[in-house]
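# Report on the structure
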Amino acid sequence: MSKDKFYITTPLYYVNSSPHIGHSYTNIAADCLARYMRLNLGKENVRFLTGTDEHGQKIQKAADASGLSAQDFTDKIVVQFKELWSGLNVTYDDFIRTTEKRHVDFVQRSIQILFDKGDIAEGKYEGWYCTPCETFWLDAQVSDKACPDCKRALERISETNYFFKLSKYQEWLVKYIESEKDFIRPVSRYNEVLSFLKNNRLADLCISRPKQRLNWGIELPFSKDHVIYVWFDALLNYISAVGQFDERGKYTSKWWPASLHLMAKDILRQHAVYWPIMLKALDIQMPKTVFAHGWWMMGESKMSKSLGNVISPVEMAGKYGIDTFRYFLLRDMPFGLDGTFSEEALVKRFNSDLANDLGNLVYRTLTMAEKYFDSVVPAVSEKPKAREIQIREKLDGLPEVISLELCPETNYNFSACLERIWELIAMANKYVEEVKPWSLAKENKAEELKGFIRLLVDVIRGVALSLRPFMPQTAESILEQAGTDKINKGKPLFPRIDTKSADK
RNA sequence: CGCGGGGUGGAGCAGCCUGGUAGCUCGCAAGGCUCAUAACCUUGAGGUCGUCAGUUCAAAUCUGACCCCCGCAACCA
C-alpha cells in the first residue's frame, strides 16, 4: 500500500445466525484502526469495508428452518448486523453483501478469467454424502461410513465439479511469504502458515457445487449446473467492492491493494493461502498484511450457543456503554492472543480504569478549574517544575508512541496504546497529591495554581485526543467539557458501579 | 508419538526470542489527603516462576523428558 492510503477489511460475516461478541471484536478493532488512520491521513484516504457472506448451504438450511426464502432470510439478518455496527459506533465506509449485483457480476467475471487461462478445470469429486443432512464429508472426516452428525449411513458419491489449481502456485506462495515478513501477522501465525505450506501438498480446491444439491449461490458462467463454492465467492469481495476489470481482464482500483485484512484465527487459512493464490492467478497485487487475532473464551470454555454462554454485544453495550465495551475488548486482551470474557472482568475494568483513573481525573480537574478559576482555563506556567516538564514530555510523546504500537510489526497493539495513555493518567493523578492544589489555594499561591490547573487541563485534552479512535464518545465528551478556554463541566463520565451491594 | 496455546504471590496477566536484583493490574492490610465518583496518593504482607534432569560462574528465561489444563467436529470472530 502507499503510505498515504489505508484500506482495511473485516471478514464478510456468514449470516446463518445473529451477530455475537466475536463479530463485534473484529469490527471494533477495525473501526479503531480506521478512525486512527482517518485522523492521520484524512478521511478521504481511508476505506473501511465490512459486509456479509450470504450464499451456501448452511444459509439455505437456516432459511428453510425459519420458513423464509434465502433472500428474505438474509435480508433480515443483515439488518441485525447493520444495527449492531451502528450501535457500537463502527464507522464502515462500505458494506458489501455477496448477493449484490456488483459482487455477483464481479465474481462471475473473475472465475471466467481463471477458467480461460486454465487455472480452473473440470474434474471428479468423490466423497461421502449424507442425504438427510444434505452434507458432504471427506474421507478424513468419516469413519464406518456413518455421518459424523446424524450417524446414519452415508452414500459414496462421485460428481463432476470444477477445481482451482492451488498446487500450481504453492511454491510461489512459499517464496512470497518468506520474502514479505509483514504479510502474515502475528509472527506465530506466520510460522504456522509457512510450516503448513512446507509440510503439505495443497490439494486443488473444489470451487463448485452441483445445483441439484445446492442452488443458493452464484452460477458458474461456464456451467449452468453449478454454483460457486462460498469461500471462493466471498473472498473476492475485497476486490469486488473497490474496483473492476477492464476489457482485457486487468483489474484497476483506487484502493487496492488492501493495507490490512483483519480476521480471527479460524479463517486464516483461507486468507493466507487461498486468497493470495487467487489474486496471483488473477494477476492482482497482494494485500500488505493479513492479521489473525485470537478468540474470546467464555470463562472455562469456548463460546457456544449450545452451552448458552453467548454474550450479546448489544446487551453489554447497552448495559455498560458503548465505549466501555470497546475499551474492554481492546484493552483486556493483547491483540493476536486469546482472552477470556466475563462481565465481572468488564465491571472491574470499568471501576478501576474508567471510573477511578480516567473519570475521576477529568472530574477533579474540572472541579478545580471551576472552583479556583471560575471555569476559565488559566495560562501555561512560565516556570514549570521538573515534574511538570516530565509530564508534558509524556503528553507530547503520546501520538508517536501510539503510532509505533499500531503497526504490523507490533501486532496492532491496542492494549499497549491504552496502557501508555493510562500511564499518563496515573502520572497526573499522582501529581495532584504532590502539588496539593488545595494548599496552594489556601496560601494564595495563584500563579503556581494556575500553571498546575492548566497542566491538568492539557493532560485531559491530550488524553481525549489520543482516545478518539478507541472511545469516540468519551473523547468527544471530554473535549466538550474541557476543549475550549471556558470549562463546561458535566456529570462524571463513568459513575462507579457498586459491586459490593450487588454481590449480596 | 495428530496440531496449537498455556501452567509465574489470593485472582488475571507481563517477563522467556537477546540468560544475571521476579514486574503489572485487581484484591488485601496500614497510613496520608480532601480538588474528586467511599475516589486519589504512600507504604506493606504475599511467589521454591508445573515436575525432574541437563548446559552455565549464573535459568522463570536455553536443552531434554514428564505431568496437568485449554482450544483445534458443530453453531462460531
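Residues numbered from 1 in each chain as written. Chains lettered and ligands numbered in written order. Predicted model: local features only at pLDDT ≥ 70, side-chain atom pairs only at ≥ 80, totals over all residues. Heavy atoms only, no water.

## Quick word on the overall build of chain A
Each helix and strand in chain A was counted, giving 18 helices and 18 strands. Scored against the burial criterion, the 504 residues of chain A give a buried share of 54%. Here the contacts in chain A between residues at least 6 apart in sequence split such that 74% fall between residues at least 24 apart. Of the roughly 22700 Å² that chain A leaves accessible, carbon and sulfur atoms contribute 50%. Looking at charge distribution, chain A has the averaged site of its 68 positive side-chain charges lying 2 Å from that of its 67 negative ones. (Helix = DSSP H or I, 4+ residues; strand = E, 2+ residues; numbered from the N terminus. Buried < 20%, exposed > 50% of the residue type's maximum accessible area, 1.4 Å probe, protein only. Contact = heavy atoms within 4.5 Å. Areas by Shrake-Rupley, 256 points an atom, 1.4 Å probe, with all protein chains shown as cover. Lys, Arg positive; Asp, Glu negative; His and termini not counted. Charge placed at Lys NZ, Arg CZ, Asp CG, Glu CD.)

## Describing the pairing of strand β15 (residues 289-293)
Put simply, side chains in a regular strand alternate between the two faces of the sheet. In terms of burial, β15 is a largely internal element, 5 of the 5 residues being buried. Side chains T289, F291 and H293 project from β15 onto one buried face, and the interleaved V290 and A292 project onto a second face that is buried too. By the bridge criterion, 2 bridges tie strand β7 (residues 184-185) to β15 in an arrangement that is parallel. Its bridge partner lying in β15, R185 is registered against F291. Sheet topology places strand β14 (residues 260-264) next to β15; 5 bridges connect them, and they run parallel. When the bridges of β15 are listed, H261 appears paired with V290. Running through helix α9 (residues 268-281), the crossover from β14 to the neighbouring parallel element β15 is right-handed. (Pairing = 2+ DSSP bridges. Right-handed = clockwise from strand over helix to strand, strands pointing away.)

## Here we look at the sheet that holds strand β2 (residues 46-53)
Spatial strand order, β3-β2-β1-β14-β15-β7: 6 strands in an open sheet with parallel pairing. The sheet is open, and its two edges are formed by β3 (94-97) and β7, each paired on a single side. Looking at chain direction, strand β1 (residues 6-14) and β2 are connected through 7 bridges and run parallel. Across the sheet, the residue bridging to L12 is G51, located in β2.

## Some words on the nonpolar core
If you look at the biggest cluster of nonpolar residues, it comprises 99 residues, and the most contacted ones within it are F325, F341, F414, W422, L467 and F470. Shared between two domains, this core takes at least three residues from each, and those domains are domain 1 (6-293) and domain 2 (343-503). Dropping the residues within four chain positions of it, F325 is found in contact with I21, S24, I28, L88, P313, M316, A317, F341 and L346. By size, the runner-up hydrophobic cluster in this structure holds 63 residues, among which are F106, I177, L205 and A241. (Core = buried A, V, L, I, M, F, W, Y, C linked by side-chain atoms within 4.5 Å. Domains from an automatic or database assignment.)

## Comments concerning the packing of aromatic side chains
Counting across every chain of the model gives 24 aromatic pairs. Pairwise contacts between aromatic rings join Y7, Y238, W256 and W275 into one cluster. Between K82 and the ring centre of F95, over which it is positioned, the NZ or CZ distance is 4.8 Å. Positioned above the aromatic ring of F196, the side-chain terminus of R269 is 3.6 Å from the ring centre. (Phe/Tyr/Trp six-rings, centres within 6.5 Å; stacked < 30°, edge-to-face > 60°. Lys NZ or Arg CZ within 6 Å of the ring centre and 35° of its normal.)

## What to know about the packing of helix α11 (residues 322-332) against helix α14 (residues 414-435)
In contact at an axis separation of 7 Å, α11 and α14 are set at 105° when each is read in the N-to-C sense. Between α11 and α14, the crossing angle belongs to the class labelled roughly perpendicular. Contact residues: α11 offers Y327, L330 and R331, while α14 offers F414, S415, L418, E419 and W422. Looking at the contact of α11 with α14 residue by residue, the class counts come to 5 nonpolar, 1 polar and 2 charged. (Axes fitted to C-alpha atoms, helices over the stretch in contact; angles between N-to-C directions. Parallel < 35°, antiparallel > 145°, perpendicular 65-115°, else oblique. Nonpolar A, V, L, I, M, F, W, Y, C, P; charged D, E, K, R; others polar.)

## Some words on the domain arrangement of chain A
Buried accessible area, meaning the area lost when the parts come together, often serves as the stated size of an interface. When its domains are assigned, chain A resolves into domain 1 (6-293) and domain 2 (343-503). Here the C-alpha centre of domain 2 lies 44 Å away from the C-alpha centre of domain 1. Tallying the contact residues gives 13 residues for domain 1 and 14 residues for domain 2. Where domain 1 meets domain 2, there are 0 salt bridges. The tally of links from domain 1 across to domain 2 stands at 0 residue pairs in polar contact (both at pLDDT 80 or more). Mapped onto the side of domain 1 that touches domain 2, the elements with two or more residues apiece are α1 (21-41) and β15. Top element by residues in the side of domain 1 that touches domain 2 is α1. It accounts for 6 residues. (Salt bridge = Lys/Arg side-chain N within 4 Å of Asp/Glu carboxyl O. Polar contact = N/O pair within 3.5 Å; in protein donor to acceptor, adjacent residues only side chain to side chain.)

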